[in-house]
Amino acid sequence: MSSAPIDQLLSACETGDLSTVRAVLHTNPHLINQHDTDGGFPLYWSCQYGHLPVTRFLLQSSAQINQTTVPEKQSALWTASLNGQSETVTLLIECGAQV
């Protein structure tokens, strides 16, 4: 039994599986900024783990760069910084993330 598209997307963002991210968003583009039960979202998870190809793809696909978690209000830039993902931090700032 396969998992729901949002679960597939979030898992792929966490693991850096770009092909799955592309496939899920191709058929479910509305999920790009969807929050999970923990308040996270695709861009947040890809940035937390420093998956640059996934992060770039999400940004090119109109992910909301300044979206925050619910209820903590933590951004993708915040989690990338907290987790020492310096290349991801640089990319987010270059793409216009609020500092």
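Worth saying up front: this structure is predicted, and the values here are computed from it rather than measured. (Residues numbered from 1 in each chain as written. Predicted model: local features only at pLDDT ≥ 70, side-chain atom pairs only at ≥ 80, totals over all residues. Heavy atoms only, no water.)

(A) View of the overall build of the protein chain. From N to C terminus, the protein chain includes six helices and zero strands. Secondary structure elements of the protein chain, listed N to C terminal, follow the sequence α-α-α-α-α-α. Taking 99 residues into account, the globule formula puts the C-alpha radius of gyration at 13 Å, and the protein chain, at 12 Å, falls close to it. By its C-alpha atoms, the protein chain is 40 × 25 × 20 Å across when sized along the principal axes. For the protein chain, buried positions account for 43% of its 99 residues. Contacts in the protein chain between residues at least 24 apart in sequence constitute 62% of all its contacts with a sequence separation of at least 6. Counting every atom, the protein chain has about 5,400 Å² of accessible surface; 50% of that belongs to carbon and sulfur. (Helix = DSSP H or I, 4+ residues; strand = E, 2+ residues; numbered from the N terminus. Rg over C-alpha atoms; globule rule 2.2 N^0.38 Å. Buried < 20%, exposed > 50% of the residue type's maximum accessible area, 1.4 Å probe, protein only. Contact = heavy atoms within 4.5 Å. Areas by Shrake-Rupley, 256 points an atom, 1.4 Å probe, with all protein chains shown as cover.)

(B) Looking closely at the side chain of Ser-75. Among the secondary structure elements, Ser-75 is positioned in the loop between α4 (52–60) and α5 (76–82). Looking at Ser-75, the relative accessible area reads 15%, which means it is buried. A polar contact of 3.4 Å, which involves the side chain of Ser-75, links it to the backbone nitrogen of Leu-77. (Polar contact = N/O pair within 3.5 Å; in protein donor to acceptor, adjacent residues only side chain to side chain.)

(C) Up close: unusual backbone geometry. Here the residue pair Val-70 and Pro-71 is connected by a cis peptide bond, since its omega of 0 degrees sits within 30 degrees of zero. Assignment of secondary structure puts Pro-71 in the loop between α4 and α5. Here Ser-62, not a glycine, exhibits a phi torsion of approximately 75 degrees, which is positive. Among the residues examined, Ser-62 registers a relative accessible area of 55% and is labelled exposed. Look at Lys-73: it is not a glycine, yet its phi comes out positive at around 65 degrees. Residue placement: Lys-73 occurs in the loop between α4 and α5. For Lys-73, a relative accessible area of 62% puts it in the exposed group.

(D) Structural view of α4. What α4 keeps buried is the set Leu-52, Val-54, Thr-55, Phe-57, Leu-58 and Leu-59. Where the residues of α4 are buried, they touch α1 (5–15), α2 (18–27), α3 (42–48) and α6 (86–94). At the exit of α4 stands Ser-62, carrying a positive phi of roughly 75 degrees.

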